[in-house]
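This is what each chain is made of:
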Amino acid sequence: MADFDPTGVYCKEHPTATLIEDYRAGDQICGECGLVVGDRVIDVGSEWRTFSNEKANADPSRVGGPENPLLNGSDLSTMIGGGKGDAAFDEFGVAKYQNRRSVPSGDRALIAAFREISQMADRISLPKTIQDRANNVFKLVHDGKNLKGRANDAIASASLYIACRQEGVPRTFKEICAISKISKKEIGRCFKLILKALDTSVDLITTGDFMSRFCSNLGLPNMVQRAATTIARRAVELDIVPGRSPISVAAAAIYMASQVSFFHFYRTIHK
């Protein structure tokens, strides 16, 4: 059913009436008077039915996947299945009908890298927007051929790290290293090379970028998180930790806040 939409299809006699979609006839019908107000409605459902006795790996779809603008090909090529019978082969036994185009080597590398980025992002529950940005970063590096000699897996890991930084949800090198097959040192090298090759930059990380996530992973109460945030902010303002990593400062602040909180808790129980 569809609600009233002043910019779309609606019944002139009953503008606020609910429209009923008849998928078999492809019509939109007014729920009040039965007037057909729209026809030729496209059925977006599948064009086949699946039965329990059919093969599990049989794909009845006659279309390919959605077009990927990051791939060099248009993804609109026709894939011809294997021929059967004498009519499918010539007198030399060669198939008469063959695929006009196979996947280029460049697209194969991109597809493999996009798959790797998707798997890494799923392991730490990153949203689709970060995956898309990481894919775009890898595509720019791949087309520019700026990192020749570097493994695609290392470039993909560094691209995901950059995407997290650019989207405002930074992850540490150790976290990216834990979900990839690349060392922390190699990811750091690719990270610097990509920034230089693309002439781009990322925002500096702060203690606040990690505080809530670290406290949540440790199961600490909000009181400890607020105290740790205050400690880290004051340490930066007073220039007590110059040159130190914000991750280390955040970890130290969480440790101090938790120790004070637990000491206060046990002292209250003792009293």
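Calculation notes
In every chain, residue numbers begin from 1 and rise along the written sequence. Local features in this predicted model are restricted to residues whose pLDDT is 70 or higher, and side-chain atom pairs enter the listing and the counts only when it is 80 or higher, whereas totals over whole chains, interfaces and linings include all residues. Only hydrogens and water are set aside; all other atoms, that is, all heavy atoms of the structure, feed into the side-chain values. Counting from the N terminus, the helices are DSSP H or I runs at least four residues long and the strands are E runs at least two residues long. In this scheme, a residue with accessible area under 20% of its type's maximum is buried, one over 50% is exposed, and one in between is partly exposed, where area comes from a 1.4 Å probe on protein chains only. A 1.4 Å probe that fits but cannot get out identifies a cavity on a 1 Å grid over protein atoms alone, an open set with protein on both sides within 12 Å along at least five of seven lines counts as a pocket, and a residue lines either if it has an atom within 4 Å of a point. Grid points are joined across faces, edges and corners, and a volume is the space filled by probe spheres set on the points. Asp, Glu, Lys and Arg are counted as charged, while Ala, Val, Leu, Ile, Met, Phe, Trp, Tyr, Cys and Pro are counted as nonpolar; the rest, among them Gly, fall into the polar class. Here, nonpolar core means buried Ala, Val, Leu, Ile, Met, Phe, Trp, Tyr and Cys residues that are tied together by side-chain atoms lying within 4.5 Å of each other. Under the pairing criterion, centres of Phe, Tyr and Trp rings, with the six-membered ring standing for Trp, must be within 6.5 Å; the plane angle then separates stacked pairs below 30 degrees from edge-to-face pairs above 60, leaving the rest tilted. Each pair of strands is called paired provided DSSP finds at least two bridges between the two strands.

A. Local environment of the environment of Met223. Looking at the secondary structure, you find Met223 in helix α7 (residues 222-237). Relative accessible area serves as the criterion here: at 49%, Met223 is assigned to the partly exposed category. Along the backbone, Met223 and Ser261 are 38 residues apart, and their C-alpha atoms lie at a distance of 8.3 Å.

B. Spatial organisation of the layout of surface pockets. Of the pockets and cavities examined, the second largest pocket occupies roughly 180 Å³. Mapped by element, the contributors of at least two residues to the lining of the second largest pocket are α3 (152-166) and α4 (173-178). Grouping the amino acids of the lining of the second largest pocket by side-chain chemistry returns six nonpolar, one polar and four charged.

C. View of the nonpolar core. Core analysis: the largest hydrophobic core is formed by 33 residues, its most contacted members being Ile117, Phe138, Leu160, Phe191 and Ile194. Contributions of two or more residues to this core are made by α1 (105-123), α2 (128-144), α3 and α5 (184-198). When residues in this core are grouped by element, the largest group, nine residues, is from α3. Leu220, Ala228, Ala232 and Ala253 belong to the second largest nonpolar core, which has 13 residues in total.

D. Just the packing of aromatic side chains, in detail. Throughout the structure, instances matching the rule amount to five aromatic pairs. With 5.8 Å between their ring centres and 70° between their planes, Phe173 and Phe191 make a pair best called edge-to-face. Of the two residues, Phe173 sits in helix α4 while Phe191 sits in helix α5, which places them 18 residues apart along the sequence. Classification of Phe191 as buried rests on a relative accessible area of 10%. Three or more aromatic residues joined by ring pairs form one cluster here, namely Tyr161, Phe173 and Phe191.

E. Summary view of unusual backbone geometry. The residue Ser125 is not glycine, and still its phi comes out positive at about 60°. Tracing the sequence through the fold places Ser125 in the loop between α1 and α2. One non-glycine residue, Asp239, lies in the positive phi region at around 60°. Within the secondary structure layout, Asp239 lies in the loop between α7 and α8 (246-270). Under the relative-accessibility criterion, Asp239 is labelled exposed at 54%.

F. Representation of the pairing of strand β2 (residues 27-30) in the model. Where strand β1 (residues 19-22) meets β2, four bridges bridge the pair, whose relative direction is antiparallel. Counterpart to Glu21 in the pairing with β2 is Gln28. Where β1 hands over to β2, the hairpin turn is made up of four residues, of which Gly26 adopts a positive phi near 75°. Judged from the two bridges that link them, β2 and strand β3 (residues 36-38) form a sheet pairing that is antiparallel. Bridged to Gln28 within β3 is Gly38. In this antiparallel pair of consecutive strands, β2 and β3, the connection spans five residues, and Gly34 shows a positive phi of 80°.

As far as function goes, none of this settles anything; it's purely spatial.
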